Amino acid sequence: MWKLAIEDAVKKTRKNIEHFGELFPHVSVNGKYELNNNDDWTDGFWSGLLWLCYEYSKDPVFKEKAIQTVDSFQNRLNKNIVLNHHDIGFLYSLSSKAQWMIEKNESARELTLQAAEKLLSRWREKGQYLQAWGLKNDEIEGGRIIIDCLLNLPILYWASEQTGDPKYLDVAEAQAEKSRRYLVRGDDSSYHTFFFNQGTGEPIGGATHQGYTNGSTWTRGQAWGIYGFALSYHSTKKLAYLETAKRMAKYFIEHLPEDYVPYWDFCAPINENTPRDSSAASIAVCGLLEIIRHLKEDDPDRAYFEVAIQSMMKSLVEKYSTINEADAEGLLKHGSYHVRGNLAIDDYMIWGDYFYLEALMRLEKKHKGYWYE
Ligand code: GLY
């Protein structure tokens, strides 16, 4: 079943290349992707999809297009276009870093190192954290960290491996540690974001941006945590990160509804109109697949995670994908971007499509995405 799903994804992506032209897909409106000029946090996912399709099919059409997107990311960095945020890892891991990993292209490596440097500029010495959004000293945003940022740390781990300079690794580890202490709660659920006093570094408290309430568990945030801590474990070998990833994964799995695809927030009231977030399921599957790479064959949790992976993935392919809809643009239906903000609450999300294909490629081809070499 995974092979058929990959082939469907490759076919749709090939068609989308013509359709999207120079533009980048974000989320859908009425079944059609909204496109932008490479100025959103999501634009690396299109590059990542193209690289995955290239690696699966070896069709040069995907490679040519993927390289075009990397050129666009070079321009974005040169002109500093909408880069005052932590999502630089999402943008450059899946575009220029992927190109480096596949082709050992030196300028792609150089661009990725520049991007890592840019992310480092968000480090706030006083509080010892990477600021999520906005400019330094911003009255509100200056003190905020975010769980999503865990997926932006791999570009820093990679930069230290490449250059031998520990400064990137030090920041990434400090951020992972801060996230573990303040974003993950005692019952293994998570805050979406957390505020610190910018002047003193003292913790203030958890707050949400896209979740149901400040104290609730936004489903995608939990998924970012599962995958992000597993990736931090891969690069640091600190057992606390693997343990945290496992605990967050168990919380996620235990709170899944019958069809194994979560609602948008684990604390949201459930009725027949409650939106799902299929993208969170696809991220969580990638995270679980990363976790089990690090478990011994006889680890008592292995079978539990393997059953969850198969159940979630089967449901995604059979009930949430567009595998039986030849004309669909997206791969995965029923994602939600920002339910309280009424933004794309039942749509395609380009990151949902990316992680869906990454999960399929992990399952079918033992691929591991573009987060680490
Ligand atoms: N990183 C933003 C989101 O997951 O919506």
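Before reading further, recall that the structure is shown in the block above.
Throughout this document, residue positions are counted from 1 along each chain, in the order its sequence is written. Note on the predicted model: pLDDT of at least 70 is required for a residue's local features to be given, and 80 or more for side-chain atom pairs to be given and counted; whole-chain, interface and lining totals, by contrast, use all residues. The side-chain quantities take in all heavy atoms of the structure and omit both hydrogens and water.

Draft legend 1. Main features of the pairing of strand 2 (residues 32-36). Judged from the four bridges that link them, strand 1 (residues 24-29) and strand 2 form a sheet pairing that is antiparallel. Directly across from Pro 25, in strand 2, lies its bridge partner Leu 35. We call two strands paired when DSSP finds no fewer than two bridges between them. Helical segments are the DSSP runs of H or I of at least four residues, strand segments are the runs of E of at least two, and each set is numbered from the N terminus.

Draft legend 2. Quick peek at empty space enclosed by the protein. A 1.4 Å probe that fits into a set of points on a 1 Å grid over the protein atoms alone but cannot get out defines a cavity; an open set with protein on both sides within 12 Å along at least five of seven lines defines a pocket, and lining residues are those with an atom within 4 Å of a point. Grid points are joined across faces, edges and corners, and a volume is the space filled by probe spheres set on the points. All told, the structure shown has one cavity of 30 Å³ or more when counted by the stated rule. What the largest cavity holds in volume is close to 40 Å³. Among the elements of the structure, helix 1 (2-20), helix 2 (43-57) and helix 12 (350-365) are those that each provide at least two residues to the lining of the largest cavity. Side-chain classes are defined by residue name, with Ala, Val, Leu, Ile, Met, Phe, Trp, Tyr, Cys and Pro counting as nonpolar, Asp, Glu, Lys and Arg as charged, and the others, Gly among them, as polar. Here the residues of the lining of the largest cavity are counted per class, giving five nonpolar, two polar and two charged.

Draft legend 3. Structural context of the packing of aromatic side chains. Aromatic rings from Phe, Tyr and Trp, taking only the six-membered ring of Trp, are treated as a pair when their centres fall within 6.5 Å; an angle between ring planes under 30 degrees marks them as stacked, one over 60 as edge-to-face, and anything in between as tilted. Here the structure, examined in full by the defined rule, presents 31 aromatic pairs. Summarising the aromatic geometry, the rings of Phe 45 and Phe 355 are spaced 5.8 Å apart at their centres and angled 55° between planes, so their arrangement reads as tilted. You can see Phe 45 sitting in helix 2 and its partner Phe 355 sitting in helix 12, a full 310 residues away along the chain. In terms of burial, Phe 45 and Phe 355 fall into one category: buried. Through pairs of rings, three or more aromatic residues link up here, namely Trp 41, Phe 45, Phe 90, Trp 224, Tyr 227, Tyr 337, Trp 351, Tyr 354, Phe 355 and Trp 371. A ring has a charge above it when a Lys NZ or an Arg CZ is no more than 6 Å from the ring centre and no more than 35 degrees off the ring normal. We note Arg 109 situated over the ring of Trp 100; from NZ or CZ to the ring centre the distance is 5.9 Å. Sitting over the ring of Phe 196, Lys 178 keeps its end group 5.0 Å from the ring centre. A simple rule labels every residue: compare its accessible area, found with a 1.4 Å probe on the protein chains alone, to the largest value its type can have, and call it buried under 20%, exposed over 50%, or partly exposed in between.

Draft legend 4. Molecular detail of the site of the ligand. Lining the immediate surroundings of the ligand are Trp 41, Asp 148, Gln 210, Trp 218, Arg 220, Trp 224 and Tyr 337. Summarising the interface, the protein chains cover 94% of the accessible area of the ligand, which totals 200 Å² for the free molecule. Grouping the amino acids of the shell around the ligand by side-chain chemistry returns four nonpolar, one polar and two charged. Near is defined per residue: the residue qualifies when any heavy atom it owns lies within 4 Å of the molecule or strand. Each accessible area is a Shrake-Rupley estimate made with a 1.4 Å probe; only the visible protein chains count as cover when residues are assessed.

Draft legend 5. The packing of helix 6 (residues 154-163) against helix 8 (residues 219-236), seen in detail. Contact geometry for helix 6 and helix 8: axes closest at 10 Å, N-to-C directions at 10°. It follows that helix 6 is roughly parallel to helix 8 by the angle criterion. Touching Pro 154, Tyr 157 and Glu 161 of helix 6 are Leu 231, Ser 232, Ser 235 and Thr 236, all from helix 8. The residue makeup of the contact of helix 6 with helix 8, split by class, is three nonpolar, three polar and one charged. To define axes, lines are fitted to C-alpha atoms, for helices over the stretch in contact only, and angles between the resulting N-to-C directions are given on a 0 to 180 degree scale. If an angle is under 35 degrees, it is roughly parallel; if it is over 145, roughly antiparallel; if it lies from 65 to 115, roughly perpendicular; otherwise it is oblique. Should any heavy atoms of two residues lie within 4.5 Å, those residues are considered in contact.

Draft legend 6. Broad picture of helix 3 (residues 60-78). The length a helix should cover is 1.5 Å for every residue beyond the first. Between the first and last C-alpha of helix 3 there are 27 Å, a value that for 19 residues agrees with the 27 Å anticipated at 1.5 Å per step. Every buried residue of helix 3 is accounted for by Phe 62, Lys 65, Ala 66, Thr 69, Val 70, Phe 73, Arg 76 and Leu 77. Down the axis of helix 3, the buried side of the element spans an arc of 150°, and every buried residue falls inside it. Turned more than 90 degrees away from the buried face of helix 3, the exposed residues are Glu 64, Asp 71 and Asn 78. Its side-chain oxygen placed 2.9 Å from the backbone nitrogen of Val 61, Asp 59 serves as the N-cap of helix 3. Backbone geometry just downstream of helix 3 places Asn 80 in the positive-phi region, at approximately 55°. Note: the arc covers the axis-to-C-beta directions of the helix. Side-chain atoms alone can form a polar contact between residues adjacent in sequence; in general such a contact is a pair of N or O atoms within 3.5 Å, and within protein one must be able to donate a hydrogen while the other accepts it.

Draft legend 7. Fine view of the pattern of salt bridges. Any carboxyl oxygen of Asp or Glu that lies within 4 Å of a side-chain nitrogen of Lys or Arg is treated as forming a salt bridge with it. Counted according to the given criterion, the structure contains 24 salt bridges. With a closest N to O distance of 3.3 Å, Asp 43 and Arg 76 form a salt bridge. One end of the pair, Asp 43, is in helix 2; the other, Arg 76, is in helix 3, and 33 residues separate them in sequence. Judged by relative accessible area, Asp 43 falls into the buried class, the value being 0%. In this structure Arg 76 comes out as buried when scored by relative accessible area, which is 1%. A salt bridge links Asp 188 to Arg 247; the nearest nitrogen and oxygen atoms lie 2.6 Å apart.

Draft legend 8. Examining helix 9 (residues 239-254) more closely. The end-to-end C-alpha distance of helix 9 is 23 Å, a good match for the 22 Å that 16 residues give at a rise of 1.5 Å each. Here helix 9 has its buried residues at Tyr 241, Leu 242, Thr 244, Ala 245, Lys 246, Met 248, Ala 249, Tyr 251, Phe 252 and Ile 253. Against helix 7 (167-182), helix 8, helix 10 (278-293) and helix 11 (302-320) lie the buried residues of helix 9.

Draft legend 9. Main features of the sheet that holds strand 5 (residues 144-146). Judged by pairing direction, the sheet is antiparallel, and its three strands sit side by side in the order 5-6-7 without closing on themselves. Whereas interior strands pair on both sides, the edge strands pair on one side only; in this sheet they are strand 5 and strand 7 (203-207). Sheet twist, expressed as the mean angle between neighbouring strand axes with direction ignored, is 25°. As defined by bridge partners, strand 5 adjoins strand 6 (residues 193-196) across three bridges and the pair is classed as antiparallel. Residue Ile 145 lies in a different strand from strand 6, and its bridge partner there is Phe 194.

Draft legend 10. Structural view of the packing of helix 11 against helix 12. Put simply, helix 11 and helix 12 touch, their axes get as near as 12 Å, and they point 125° apart. In terms of orientation, helix 11 lies oblique with respect to helix 12. When you trace helix 11 past helix 12, the crossing you get is left-handed. Facing helix 11, whose interface residues are Ile 309, Gln 310, Met 313, Leu 316 and Val 317, helix 12 presents Tyr 356, Ala 359, Leu 360 and Leu 363. Each residue belonging to the contact of helix 11 with helix 12 can be placed in one class, and the counts come to eight nonpolar, one polar and no charged. A crossing counts as left-handed when the near helix is turned anticlockwise from the far one by less than a right angle, and as right-handed when that turn is clockwise.

Just geometry here; none of it tells us what the structure is for.
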